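Residues per chain are reported as follows:
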Amino acid sequence: MDRRRLIQGAAAAATAGVLLPAARAYASPRANTDYPSAHWAPASASNYTVSSRPSEYPVQYVIIHVTQVTFAVTLGIFQNPAKKVSAHYVVRSSDGVVAQCVQERNVAWHAGNWDYNTRSVGIEHEGWVDQPKYFTHALYEQSAALTASVCDRYGIPKDRAHIIGHNEVPGATHTDPGPLWDWTRYIRLVNFA
């Protein structure tokens, strides 16, 4: 079953315990985070590979995703050990809050391609590819600051060859972030962050 179906299926079957209020869907800020303003919302250890990046694998890409479910449901999916999916970060649409789910030294399972998983940081964005109202100024601004920070830490060029969409991963069967994601605006914000 592919990643998108897992996320959509989990959304349909989400329990009240997973659907936390937006303000309570993550833990306190800065506990175990690589990005100072992120809130720690750890994924299940069953949903990523422990590693020692960048010494074990170089980090060369940032991969941009769109969740196709809400922020809270995404965090719940990543915390469910049966789902076998995660990303390093999730950005909330309404206010740009950043949750970190997997430490950057570890390999998150987000790209659907092992080679790209090992060499990238995955950032999920709350929203739907066909609903641009979710791509708010706060989401773009906070995500761009996060991406700039990741690029600075790993020496990743801040360009479209290294900041890519999930749909651009070789072998990808996904369309996110979709044609409504404003790449020009996003790369400009990354470079001015």
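My aim in this report is to walk through the structure given alongside it, one point at a time. Every chain begins its residue count from 1, and numbering advances along the sequence as written. Restriction of local features to residues with pLDDT of at least 70 applies here, the model being predicted, together with a cutoff of 80 or more for giving and counting side-chain atom pairs; totals for whole chains, interfaces and linings are based on all residues. The side-chain figures draw on all heavy atoms in the structure; neither hydrogens nor water molecules are used.

Considering the nonpolar core
- Grouping buried Ala, Val, Leu, Ile, Met, Phe, Trp, Tyr and Cys residues that are joined through side-chain atoms within 4.5 Å yields what is termed a nonpolar core. Buried residues are those whose accessible area, probed at 1.4 Å on protein chains only, stays under 20% of the maximum for their type, while exposed residues exceed 50% and partly exposed ones sit between those limits. Counting 27 residues, the largest nonpolar core has Y89, L146, I163, W181 and Y186 as its most contacted members.
- Going along the chain from the N terminus, every DSSP run of H or I of four or more residues is numbered as a helix, and every run of E of two or more is numbered as a strand. Every element with two or more residues in this core is listed here: β3 (61–66), β4 (89–91), β7 (120–125), α4 (137–154) and α5 (183–192).
- When residues in this core are grouped by element, the largest group, 7 residues, is from α4.
- Residue contacts are defined here by distance: any two heavy atoms, one from each residue, within 4.5 Å place the two residues in contact. Contact partners of W181, with chain neighbours within four places excluded, come to I64, H125, F135, L139, Y140 and Y186.
- Of all hydrophobic cores here, the second largest spans 17 residues; its members include V69, F71, V97 and V102.

Remarks on the sheet that holds β7
- Spatially, β1-β5-β4-β7-β3-β8 is the arrangement adopted by the 6 strands of the open sheet, whose pairing is mixed. Where the open sheet ends on each side, the last strands, each with one partner, are β1 (39–40) and β8 (163–165).
- Strand direction decides the pairing type here: β4 and strand β5 (residues 98–100), joined by 3 bridges, are antiparallel. Residue pairing in the sheet places Y89 in a bridge with Q100 of β5.
- Think of each axis as a best-fit line through the C-alpha atoms, taken over the contacting stretch in the case of a helix, with angles from 0 to 180 degrees between the N-to-C directions. Strands β4, β5 and β7 of the sheet are contacted by helix α2 (residues 71–79), whose axis makes an angle of about 165° with β4. When DSSP finds two or more bridges between two strands, those strands count as paired.

A look at the pattern of salt bridges
- In what follows, salt bridge is the name for a side-chain nitrogen of Lys or Arg lying within 4 Å of a carboxyl oxygen of Asp or Glu. For the structure on display, the rule yields 5 salt bridges.
- Between D95 and R92 there is a salt bridge, with the nearest N and O atoms lying 2.6 Å from each other.
- For D95, a relative accessible area of 36% gives the class partly exposed.
- Where E168 meets R160, a salt bridge forms, and the shortest distance between an N and an O atom there is 2.8 Å.
- The partly exposed category is assigned to E168, whose relative accessible area is 35%.
- For R160, a relative accessible area of 31% puts it in the partly exposed group.

Let's talk about the environment of T67
- Tracing the backbone shows T67 in the loop between β3 and α2.
- Judged by its relative accessible area of 1%, T67 is buried.
- Between N or O atoms, a polar contact is any pair within 3.5 Å; within protein, one atom must be a potential hydrogen donor and the other a potential acceptor, and residues adjacent in sequence are included only when both atoms are from side chains. Reaching out from T67, the side chain makes a polar contact with the backbone nitrogen of G127 at a distance of 3.2 Å.

Overview of the packing of aromatic side chains
- Each aromatic pair joins two rings of Phe, Tyr and Trp (for Trp, the six-membered one) with centres within 6.5 Å, and gets the label stacked for planes under 30 degrees apart, edge-to-face for over 60, and tilted for any other angle. One pass over the structure, following the stated rule, counts 10 aromatic pairs.
- Judged by centre distance (6.5 Å) and plane angle (90°), the rings of Y57 and W114 are edge-to-face. One end of the pair, Y57, is in the loop between β2 (48–49) and β3; the other, W114, is in helix α3 (residues 114–118), with 57 residues separating them in the sequence.
- Assessed through its relative accessible area of 43%, W114 is described here as partly exposed.
- Clustering of aromatic rings is evident, with ring pairs tying together F135, Y140, W181, W183 and Y186.
- The positively charged end of R92 is found above the aromatic ring belonging to F71, 5.1 Å away from the centroid. Geometrically, a lysine NZ or arginine CZ counts as sitting over a ring once it is within 6 Å of the ring centre and also within 35 degrees of the ring normal.

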